[in-house]
Amino acid sequence: MGACSNMNEGHVTIAQEGRAETRADGPHCDFAPRHDWTLEEVEALFELPFSDLLFKAAQAHRAWFDPNQVQLSQLLSIKTGGCAENCGYCAQSAHFETGLNASKLMDVAPVLEAARAAKQQGAQRFCMGAAWRDLKDRDLPRLAEMVAEVKALGLETCATLGMLTRHQAHALKEAGLDYYNHNLDTSPEYYAKVVSTRSYEDRLETLRAVREAGMSVCCGGIVGMGETRRDRAGLLQQLANLPDHPESVPINELVPIPGTPLANSKPLDGLEFVRTIAVARIMCPKSMVRIAAGREGMSQELQALCFHAGANSIFIGARLLTTSNTARDKDAELLADLQIRPMQMTS
Ligand code: SAM
Ligand code: DTB
Ligand code: SF4
């Protein structure tokens, strides 16, 4: 990563895993990141013939990454359920009867135990998720200790704790937090149909605080919530037109949770999921594009298409936050079949 290999001047040669590659950066790169996408342009990408779309996405992928490498993250729910927000997809909202047992913020020791196990299973990044509307200052000391100790294990650190103030973002960065996950979830137009206890602008404000504190951003969305293709295009337009592209873009497919308003949403067509991945790759060419929630329900062939369309990150481990994930040995088998290797991390 770091320089685009698809241009004609200003070449630099980098050695990667014993392979010399000619790569270059600069204004002439065909797949240079852009921040001025119109909705019509994004919709036009979605409407390309499938093979043309995948070819373009694969080119964008190869311009910035080794296409045979994948980044591996593992989640842990460090504070489950009882959340004050009413996100219509979420098992953890206190507004819906989902049968989930709420729990308090975990102590540092069991979190570290889970992080060690995740590292042993091959995780490169450990993501700590809390079902909070916003972070309370009283929880900061424990979180800071948690983050510092997870980082000391040699893992990248990520957290998703709801809305943050500027000083909280700085404190987390100080503690060693590398990434903050905060999703825009869908288009600005569809957002109010999914959640009414916070606004799109609230989300953008936290993303600004995270950036200002110097952390990397993990920001994506959910598909399969009954939104239109135009909404999916609108989400990707918002993500790509941020001042800086999120370093990680998780694309979640809705995991239907009985008891939530979206429990009976019509499942998204698999090929439309692949198209969404491909468009995300083209629009955010330097980002890690993650097949996030919903992967357990996808065939090996569908996942292979997603990788071909430019996905280069997954969640590993038996659990996401409250729902199950593909078994580790099944993932190991898939990656071996596709000859995709874990990415070499630089930090
Ligand atoms: N409370 C924090 C927040 O909302 O930012 C962090 C946790 S929240 C569970 C993180 C993300 O997980 C959501 O923004 C959403 O994109 C995704 N998510 C939650 N429930 C999901 C579900 N049932 N299916 C797919 N994705 C889901
Ligand atoms: C993200 O985009 N997806 C993850 C992570 N960021 C926090 C969460 C997925 C949750 C899936 C439903 C559950 O397990 O509760
Ligand atoms: Fe709370 Fe996050 Fe779930 Fe929304 S998505 S209900 S904020 S835990």
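Above this text you will find the structure in question.
Only a predicted model underlies this, so the values are computations on that prediction, with no experimental measurement involved.

Let's shift gears to the nonpolar core. Nonpolar side chains in soluble globular proteins tend to be buried together. Ranked by size, the top nonpolar core spans 90 residues in total, and within it Ile78, Leu161 and Leu172 carry the most contacts. Setting aside chain neighbours within four positions, we find Leu161 in contact with Ile78, Met128, Ala130, Trp132, Asp134, Leu135, Leu143, Leu172 and Tyr180. Listed in part, the eight residues of the second largest apolar core include Leu75, Tyr179, Ala292 and Ala293.

Here the focus is helix H10 (residues 300-308). Structural remark: α-helix, 3.6 residues per turn; residues separated by three or four positions point the same way. All of the buried residues in H10 are Leu302, Gln303, Cys306 and Phe307. Seen end-on, H10 carries its buried residues on one side only, within an arc spanning 145°. Packing partners of the buried residues in H10 comprise helix H2 (50-64), strand S3 (69-79), helix H9 (270-283), strand S10 (288-291), strand S11 (313-316) and helix H11 (328-338). Downstream of H10 by one or two residues, Gly310 has phi in the positive range, about 110°.

The next thing to look at is the packing of aromatic side chains. A full pass over the atoms with the stated rule returns one aromatic pair. Taking 5.1 Å as the distance between ring centres and 85° as the angle between the ring planes, the aromatic pair formed by Tyr191 and Tyr200 counts as edge-to-face. Comparing Tyr191 with Tyr200, the two get one shared label, buried. The side chain of Arg125 reaches across the aromatic face of Tyr179, ending 3.5 Å from its centre.

To continue, consider the packing of H2 against H9. Running from N to C, H2 and H9 cross one another at 40°; their axes reach a closest spacing of 8 Å. Taken together, the axis directions place H2 and H9 in an arrangement best described as oblique. Crossing hand, H2 versus H9: left-handed. From H2, Phe50, Leu53, Leu54, Lys56, Ala57, Ala60 and His61 reach across to H9, where they touch Leu271, Val274, Arg275, Ala278, Val279, Arg281 and Ile282. A class-by-class count of the residues in the contact of H2 with H9 yields ten nonpolar, one polar and three charged.

In this section: the site of ligand 1. In the neighbourhood of ligand 1, 17 residues make up the surrounding shell, with Thr160, Asn183, Asp185, Arg203 and Val255 lying closest. In the model, a nitrogen atom of ligand 1 is placed 3.4 Å from a nitrogen or oxygen of the Trp132 main chain. In the complex, the protein chains occlude 90% of the 560 Å² of accessible area that ligand 1 would expose alone. The residue inventory of the shell around ligand 1, partitioned by class, reads nine nonpolar, five polar and three charged.

Attention now goes to the pattern of salt bridges. If you walk through the whole model with that rule in mind, you get 19 salt bridges. Ionic pairing is found between Arg211 and Glu247, a salt bridge with its closest N-O pair at 2.8 Å. Taken together, the residues span a long stretch of sequence, with Arg211 in helix H7 (residues 200-212) and Glu247 in the loop between helix H8 (229-240) and strand S9 (248-253) at a distance of 36 residues. Of the residues examined, Arg211 reaches a relative accessible area of 24% and is grouped as partly exposed. Glu247 sits in the partly exposed class, given a relative accessible area of 28%. Between Glu272 and Arg232 there is a salt bridge, with its nearest N and O atoms 3.0 Å apart. Of this pair, Glu272 sits in helix H9 while Arg232 sits in helix H8, placing them 40 residues apart in sequence.

The rules behind each value
Residues numbered from 1 in each chain as written. Chains lettered and ligands numbered in written order. Predicted model: local features only at pLDDT ≥ 70, side-chain atom pairs only at ≥ 80, totals over all residues. Heavy atoms only, no water. Core = buried A, V, L, I, M, F, W, Y, C linked by side-chain atoms within 4.5 Å. Buried < 20%, exposed > 50% of the residue type's maximum accessible area, 1.4 Å probe, protein only. Contact = heavy atoms within 4.5 Å. Helix = DSSP H or I, 4+ residues; strand = E, 2+ residues; numbered from the N terminus. Arc of directions from axis to C-beta. Phe/Tyr/Trp six-rings, centres within 6.5 Å; stacked < 30°, edge-to-face > 60°. Lys NZ or Arg CZ within 6 Å of the ring centre and 35° of its normal. Axes fitted to C-alpha atoms, helices over the stretch in contact; angles between N-to-C directions. Parallel < 35°, antiparallel > 145°, perpendicular 65-115°, else oblique. Left-handed = near helix turned anticlockwise from the far one by under 90°. Nonpolar A, V, L, I, M, F, W, Y, C, P; charged D, E, K, R; others polar. Near = heavy atom within 4 Å. Polar contact = N/O pair within 3.5 Å; in protein donor to acceptor, adjacent residues only side chain to side chain. Areas by Shrake-Rupley, 256 points an atom, 1.4 Å probe, with all protein chains shown as cover. Salt bridge = Lys/Arg side-chain N within 4 Å of Asp/Glu carboxyl O.

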